[in-house]
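Listed below, chain by chain, are the residues.
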Amino acid sequence: MQEITIDYALRATWQSVARMYNEEAKKFGSTMAVGFTLLSIDPKKGTPSTSLGPKMGMEATSLSRILKSMEEKGLIERRPNPDDGRGVLIYLTPFGLEKRKDSKDVVLKFNEVVKEQLSQEQLSSFFQVMDTINHIVAEKKIFNTETTTK
């Protein structure tokens, strides 16, 4: 049998989780992307629109579409940033706060069920592996542009 690659296992697992989240989000008339955005906005202080994309690992154009849709649905509102006249803060509306709670409950349920299936040692190892992969990628230790262009 052919060995499964690390990237395949990551991708296949994430796609499975994303599908599950999207199916659950449909029950609330939403999407996983909207739920993730709701969870990424500070419910008390709001979040600068410019920091939301990097925080979520999302391109500005994709995020702009999601924010526009969320604004049309009454989940968020944009307000001028008092600390930066050019900036905008994204705030959750009362409806957005309600939907944020729904999203949080779904994520917590997922975590609870997974944790029931794993020992503390397995969970600790999982997070260690994820941290190592993130570090390797962030430090550009795989495809260093200096070594690949020569």
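Attention here is on the structure that accompanies the text. Quick caveat: nothing in here was measured; it's all calculated off a predicted structure.

**Topic: the overall build of the protein**
Move 1: Regarding its fold elements, the protein presents seven helices and three strands.
Move 2: Counted from the first residue to the last, the protein has its helices and strands arranged as α-α-β-α-α-β-β-α-α-α.
Move 3: Taking 2.2 N^0.38 as the reference for a compact globule, 150 residues should give roughly 15 Å; the C-alpha atoms of the protein span a radius of gyration of 19 Å, well beyond that estimate.
Move 4: Dimensions of the protein along its principal axes, counting C-alpha atoms only, are 55 × 45 × 25 Å.

**Digging into the packing of helix α2 (residues 32-40) against helix α3 (residues 49-56)**
Move 1: Two elements in contact, α2 and α3, have axes separated by 11 Å at closest approach and are oriented at 120 degrees. Taken together, the axis directions place α2 and α3 in an arrangement best described as oblique. For the pair α2 and α3, the sense of crossing is right-handed. In this structure, α2 contributes Ala33, Phe36, Thr37 and Ser40 to the contact, and α3 contributes Leu52, Lys55 and Met56.
Move 2: Among the residues making up the contact of α2 with α3, the classes are represented as four nonpolar, two polar and one charged.

**Notes on the packing of aromatic side chains**
Move 1: On inspection of all chains with the given rule, the structure shows two aromatic pairs.
Move 2: Each ring, one from Phe126 and one from Phe127, has its centre 5.2 Å from the other, and the planes form 70 degrees; the classification is edge-to-face.
Move 3: One cation-aromatic arrangement involves Arg79 over Tyr91; the distance from NZ or CZ to the ring centre is 3.8 Å.

**Re unusual backbone geometry**
Move 1: Of note in the backbone geometry, Lys140 takes a positive phi value of approximately 55 degrees without being a glycine.
Move 2: As for its position among the elements, Lys140 is in the loop between α6 (120-138) and α7 (145-148).
Move 3: Of the residues examined, Lys140 reaches a relative accessible area of 55% and is grouped as exposed.

**Re the pairing of strand β3 (residues 84-92)**
On a regular strand, each side chain points to the face opposite its neighbour's, so the side chains alternate between the two faces of the sheet.
Move 1: Of the pairings in the sheet, the one linking strand β1 (residues 47-48) to β3 comprises two bridges and is antiparallel in character. Paired with Pro48 across the strands is Leu89, a residue of β3.
Move 2: Taken together, the six bridges between strand β2 (residues 76-81) and β3 define a ladder with antiparallel strand orientation. Paired with Asn81 across the strands is Asp84, a residue of β3.

**Here we look at the side chain of Asn81**
Move 1: Among the secondary structure elements, Asn81 is positioned in strand β2.
Move 2: For Asn81, a relative accessible area of 13% translates into the label buried.
Move 3: Setting aside its immediate chain neighbours within four residues, Asn81 contacts Gly87, Val88 and Leu89.

Calculation notes
Residues numbered from 1 in each chain as written. Predicted model: local features only at pLDDT ≥ 70, side-chain atom pairs only at ≥ 80, totals over all residues. Heavy atoms only, no water. Helix = DSSP H or I, 4+ residues; strand = E, 2+ residues; numbered from the N terminus. Rg over C-alpha atoms; globule rule 2.2 N^0.38 Å. Axes fitted to C-alpha atoms, helices over the stretch in contact; angles between N-to-C directions. Parallel < 35°, antiparallel > 145°, perpendicular 65-115°, else oblique. Left-handed = near helix turned anticlockwise from the far one by under 90°. Contact = heavy atoms within 4.5 Å. Nonpolar A, V, L, I, M, F, W, Y, C, P; charged D, E, K, R; others polar. Phe/Tyr/Trp six-rings, centres within 6.5 Å; stacked < 30°, edge-to-face > 60°. Lys NZ or Arg CZ within 6 Å of the ring centre and 35° of its normal. Buried < 20%, exposed > 50% of the residue type's maximum accessible area, 1.4 Å probe, protein only. Pairing = 2+ DSSP bridges.

Geometric descriptors of this kind do not, in isolation, establish any biological role.
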